[in-house]
Amino acid sequence: MDDGKINMTHGSGGEAYRSLIKEIFLPEFENQFILPMTDSAVVPAGVRVAFTTDGYVIKPLFFPGGDIGRLAISGTVNDLAVSGARPLYISVGMIIENGFEKEKLRAIVRSMAKTAKEADVLIVTGDTKVVETGGCDGIYITTSGVGVFEDNITPPRQIPMPGDAIIASGYIGSHGVAVMAARAELDFTPPIESDVRPMAAAVRAVAEVGVRINAMRDPTRGGVASVLLEWAEAAGASITLEEEKIPVRGDVASACSLLGIDPLYSANEGVVLFSVAPDDADAAVDALKNVPGCKAAAVIGRVGDDGADRGAVRVITKYGTYRRVMPATGVLLPRIC
Amino acid sequence: MIDVKELTAKINELAEGMRPTTVMEVCGTHTHAIMKYGIRQLLPRNIRLVSGPGCPVCVTSQADIARALTVASRKNVIFMCFGDMMRVPCGKQSLLSLRDSGADVRIADSPMAALRVARENPSRDVIWYGVGFETTAPATAAAADAALQTGVRNFSILSAHKTMPAALRALLGKGSRVDALLCPGHVATIIGSDAFRFVADELKKPAVIAGFGAQEILAALAIITAMIKKGEVRCVNAYPTAVTASGNEAAMKLLLRVFEPCDAQWRGLGVIPESGLALKGEYKALDTATRFDLFDNIHVPDDDRGCICASVLRGDAEPENCPNFGVACTPTTPLGPCMVSGEGSCAAAYAYGGSRV
């Protein structure tokens, strides 16, 4: 429904979001660095650096497992990390609504500092604006980040190769479900916690054991499904997942079935997907299992090498049947019964 | 319980030489589960599964949606509904587009949550959009009862609730191509398995009440296949862990105290006598339509989008037979309600790739 207006669907990371970027931003900002539409731009600046920016407008500001501050640091760190860069410096821009409680701001800032320390990055610059009451919803945060490419690490080409193993670094789908549950005031006891965390250490652990990484992404909005669909298209190959191998926490699986959501489409903020050479898959999983937040790391599928069903993503169920994974559609809404 | 492999083998063995048989399910969760588990891929060619009008969102009429949109856009109203009503299109609008343009439309997971919002906002008119079959109607009845008992005056109910047996009677009567019915397990937990006996006794079609796991669905299909093969016609409860013969009597008692049957318009099926639920007696005071005068003055946009929703809802056509399916009509740009709800036949067929696996 294009009525010439920006609506909530454009913010959901699905098809509408991508077509908005392609329609409005790319034609105006076009240059060789922005065009690949990757998570960080890689620009020449003496040394090769990765550079990224992201805005955070999450509701509620505090949710089980995290808050907007932890999210703002983790998100930018993760965008840098999956580009193959070592995240170093972060800038923070804040837009705060008149009347916002100082104690809440302090809690958010503390959480940012703690997360930055965890990720081994420095917050080096920032900006704060206050807008009139109603001008924004509490607080919006934008972070930008810079990372560098270290000599011993080759940045991935970001296109999976036929035959690659697809690895999830840990349990999927929890952030989306945690936030949805908090927003709808669904009182799950204990509450479902978001996975939000910086993932630079996980990426480094895999790279350092010499795994040939052909692509890596952090599957945020749109979830694992959206990344794999993009990968299948970019690789000109099919991707087949094994449902039983996909790590989903028990509480997340139950909530998903209650809310009528497929965990493959639910957002993650502490998961990295890797597409690696098949012979390196076990080494990658072993390396990940020692990293905090990654004990459930697993090979969840394969990139096809027979040239059939290019661009298709399929799931083999535990009954040996297949189903297709289709592009996510608009805002995730819980269903009726 | 026998596992999926054995059940699949059993069904395929039983179905050998059997006449082509069409089995209808009438529950959105069944539709979803059949697609998700790839059940059709396990069945022999002579057993065809079709989805009936089991998705409450899909069968809600254009007029009912128009009524909701009209009242939701009034000043001072907080309009609350289940999430999957949000995207149902009505003309160029939907509850989602109304919300984007500033109306106070909120998603709730239960009518009690809406009642809570009414208590917290005494100066606003809080409306609960009651949609669903016997599974969700008792919850609306409970909220109506609580509102009346505690004197919450700013709470009202826009009821588009419907009942399943009346629809099945209309659907499976003369001329129906359906041979057997996979009965909805959720509805049956409320109304009881006896409420489906008429399908066997009067309509002369095997009916099996089924749960929602792959095993439970296949077990029910095995029973149906065996009955067809032997020429038996019975109503069997294959979901006894959740369903009793008389159902949830407390829920039914509450339902019958708050609601009375009324004629209801179903999308694709027209008006089915006594198939809707209207507030009755003292509960009429909670009726949104009366309170806000939502009757003949409502503009109902033309429903002709070239969809074949009616045939899909009756099980006469597959979603992929519709010229709009996957082309003009996708979950991002749904034309018909069957594509809107995750439980709709078209959305389920699209989400799981339909026959394109």
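A word on the overall build of chain A
A count of helices and strands for chain A gives eight helices and 14 strands. Relative to a compact globule of 337 residues, whose C-alpha radius of gyration would be 20 Å, chain A shows 19 Å and is just as compact. Seen through its C-alpha atoms, chain A measures out along the principal axes to roughly 60 × 55 × 45 Å. When each of the 337 residues of chain A is scored for burial, the buried share is 48%. Considering only contacts in chain A between residues 6 or more positions apart, those separated by 24 or more positions represent 83%.

Thoughts on the overall build of chain B
From N to C terminus, chain B includes 15 helices and 11 strands. For chain B, whose C-alpha radius of gyration is 21 Å, the value lies close to the compact-globule estimate of 21 Å for 357 residues. With respect to the three principal axes, the spread of C-alpha positions in chain B is 65 × 45 × 35 Å. The buried share among the 357 residues of chain B stands at 56%.

Focus on the sheet that holds strand β7 (residues 180-184) of chain B
All names here are of chain B. With parallel pairing, the five strands of this open sheet are ordered in space as β2-β1-β7-β8-β9. The strands lining the two open edges of the sheet, one partner per strand, are β2 (47-51) and β9 (235-237). Within the sheet, the average angular offset between the axes of one strand and its neighbour, ignoring direction, is 25°. The strands touched by helix α2 (residues 28-36) are β1 (21-25), β2 and β7; relative to β1, the strand with the most contacts, the crossing angle is about 120°.

A short note on the packing of helix α1 (residues 4-14) of chain B against helix α11 (residues 214-230) of chain B
Residues and elements named next belong to chain B. Across the interface, α1 lies against α11 with an axial gap of 9 Å and an inter-helix angle of 20°. Comparing the axis directions of α1 and α11 gives the class roughly parallel. Seen from above, α1 lies across α11 with left-handed handedness. When α1 is examined against α11, the residues Val4, Leu7, Thr8, Lys10, Ile11 and Leu14 are found in contact with a partner set consisting of Ala214, Gln215, Leu218, Ala219, Leu221, Ala222, Thr225, Ala226 and Lys229. For the contact of α1 with α11, a count of residues per class yields 10 nonpolar, three polar and two charged.

What about the sheet that holds strand β10 (residues 239-242) of chain A?
Residue and element names in this part refer to chain A. Pairing is mixed in the open sheet, where seven strands are placed in the order β9-β11-β8-β12-β10-β13-β14. Edge strands, defined here as strands with exactly one partner in the open sheet, are β9 (213-217) and β14 (322-325). If you compare each strand with its neighbour and ignore which way they point, the axes differ by 25° on average. Examined bridge by bridge, strand β8 (residues 165-168) and strand β12 (residues 298-303) share four bridges and lie antiparallel to one another. When the sheet's bridge partners are listed, Ala165 is paired in β12 with Arg302.

Some remarks on helix α8 (residues 164-171) of chain B
Residue and element names in this part refer to chain B. Looking at α8, one finds that the buried residues are Met164, Ala167, Leu168 and Leu171. For α8, the arc enclosing every buried residue in end-on projection is 100°, short of the 170-degree limit, so these residues lie on one face. Those residues of α8 that are buried lie in contact with β7, α9 (185-191), α10 (197-201), β10 (259-266), β11 (270-279) and α14 (309-314).

Considering the nonpolar core
Counting 221 residues, the largest nonpolar core has Ile167(A), Val206(A), Val208(B) and Leu218(B) as its most contacted members. Of all the elements, α11(B) adds the most residues to this core, at 11 residues. For this core, the domains that each give at least three residues are domain 1 (39-148) and domain 2 (165-325) of chain A. Residue contacts for Val206(A): discarding those within four places in its chain leaves Val211(A), Ile213(A), Phe274(A), Ala284(A), Ala287(A) and Leu288(A).

With respect to the domain arrangement of chain A
All names here are of chain A. Domain boundaries in chain A define domain 1 (39-148) and domain 2 (165-325). Counting residues at the interface gives 21 residues for domain 1, matched by 21 residues for domain 2. Where the side of domain 1 that touches domain 2 is concerned, the elements lending two or more residues are α2 (68-81) and α3 (102-119). For the side of domain 1 that touches domain 2, the element with the most residues is α2, which contributes nine residues. Grouping the constituent residues of the side of domain 1 that touches domain 2 by class yields 11 nonpolar, six polar and four charged.

Here we look at the environment of Glu269(A)
Residue and element names in this part refer to chain A. Here Glu269 lies in the loop between α7 (250-259) and β11 (273-276). Judged by the 27 C-beta atoms lying within 10 Å of it, Glu269 is buried. Leaving out residues up to four positions away in the same chain, Glu269 has contacts with Leu71, Ser74, Gly75, His175, Ser194, Asp195, Val196 and Thr220.

Concerning the environment of Asp282(A)
Residues and elements named next belong to chain A. Tracing the sequence through the fold places Asp282 in helix α8 (residues 281-289). Taking the number of C-beta atoms within 10 Å as the measure of exposure, Asp282 has 14 and is therefore partly exposed. Residues Asp282 and Ile167 lie 115 residues apart in sequence; the distance between their C-alpha atoms is 9.7 Å.

Section: the pairing of β7(B)
Within a regular beta strand, the side chains point alternately toward one face of the sheet and then the other, so they alternate between its two faces. All names here are of chain B. Most of β7 is tucked away, with five of its five residues classed as buried. Of the strand pairs in this sheet, β7 and strand β8 (residues 207-210) are connected by four bridges, and their pairing is parallel. Within the sheet, the bridge partner assigned to Pro184 lies in β8 and is Ala210.

Quick word on α8(A)
Taken together, the buried positions of α8(A) are occupied by Ala284(A), Val285(A), Ala287(A) and Leu288(A). Burial along α8(A) is one-sided: seen end-on, the buried residues are contained in an arc of 160°.

Comments concerning the packing of α2(A) against α3(A)
Residues and elements named next belong to chain A. α3 packs onto α2 with a crossing angle of 30° between their chain directions and a minimal axis gap of 7 Å. Of the possible angle classes, the one that applies to α2 and α3 is roughly parallel. Of the two elements, α2 crosses α3, and the hand of that crossing is right-handed. Residue-level inspection shows Ile68, Gly69, Arg70, Ala72, Ile73, Ser74 and Val77 of α2 in contact with α3, the latter providing Ile108, Val109, Ser111, Met112, Thr115, Ala116 and Ala119. Each residue belonging to the contact of α2 with α3 can be placed in one class, and the counts come to nine nonpolar, four polar and one charged.

Notes on the pairing of β11(B)
Residues and elements named next belong to chain B. As paired strands, β10 and β11 are joined by seven bridges and run antiparallel to one another. Considered in β11, the bridge of Glu260 is made with Ala278. Hairpin connection between β10 and β11: a loop of three residues separates the two successive antiparallel strands, and Gly268 in this loop has a positive phi of roughly 85°.

Comments concerning the environment of Ser91(A)
Residue and element names in this part refer to chain A. Following the sequence through the fold, Ser91 ends up in strand β5 (residues 86-97). Spatially, the C-alpha atom of Ser91 lies 5.8 Å from that of Ile123, the residues being 32 residues apart in sequence. Sequence-distant contacts of Ser91, defined by excluding residues within four places in its chain, comprise Val124, Thr125, Gly126, Thr143 and Ser144.

A look at unusual backbone geometry
A cis amide bond, omega -5°, links Lys59(A) with the succeeding residue Pro60(A). Here Pro60(A) shows up in the loop between β2 (47-56) and β3 (62-63). The backbone phi angle of Lys204(B) is positive, close to 60°, even though this residue is not glycine. Note on placement: Lys204(B) falls in the loop between α10 and β8. Accessibility expressed as a C-beta count within 10 Å gives 9 for Lys204(B), which makes it exposed. Its identity as a non-glycine residue notwithstanding, Glu274(B) has a phi of 60°, on the positive side. The topology assignment puts Glu274(B) in strand β11.

Criteria and thresholds
- Residue numbers restart at each chain and count upward from 1, following the sequence in its written direction.
- By the order in which they are written, chains take letters starting at A while ligands take numbers starting at 1.
- A pLDDT threshold of at least 70 governs which residues receive local features in this predicted model, and a stricter bar of 80 or more applies before side-chain atom pairs are shown or counted, although totals over entire chains, interfaces and linings include all residues.
- Only runs of H or I of at least four residues qualify as helices and only runs of E of at least two qualify as strands under DSSP, and these elements are numbered from the N terminus.
- For the radius of gyration, the atom set is restricted to C-alpha positions; the globular benchmark scales as 2.2 Å times the number of residues to the power 0.38.
- Three exposure classes are used. Buried residues have 20 or more other C-beta atoms within 10 Å of their own C-beta, exposed residues have 12 or fewer, and partly exposed residues fall in between, all C-beta atoms being placed from the backbone.
- Contact between two residues is assigned when their C-beta atoms, built from the backbone, lie within 7 Å.
- DSSP-based pairing: two strands are paired if at least 2 bridges between them are found.
- Interaxial angle, 0 to 180 degrees, is taken between N-to-C directions of lines fitted to C-alpha atoms, where a helix line uses only the stretch in contact.
- Put simply, angles under 35 degrees are roughly parallel, angles over 145 are roughly antiparallel, angles from 65 to 115 are roughly perpendicular, and the rest are oblique.
- Working rule for handedness: look at the near helix, and if it is turned counterclockwise from the far one by less than a right angle, call the crossing left-handed; if clockwise, right-handed.
- Note that Gly is not counted as nonpolar here; it falls among the polar residues with everything else outside the nonpolar set of Ala, Val, Leu, Ile, Met, Phe, Trp, Tyr, Cys and Pro and the charged set of Asp, Glu, Lys and Arg.
- Directions pointing from the helix axis toward each C-beta atom define the arc.
- Under the definition applied here, buried Ala, Val, Leu, Ile, Met, Phe, Trp, Tyr and Cys residues are grouped into a nonpolar core through C-beta atoms within 7 Å.
- As used throughout, domain bounds are those supplied by an automatic or database domain assignment.

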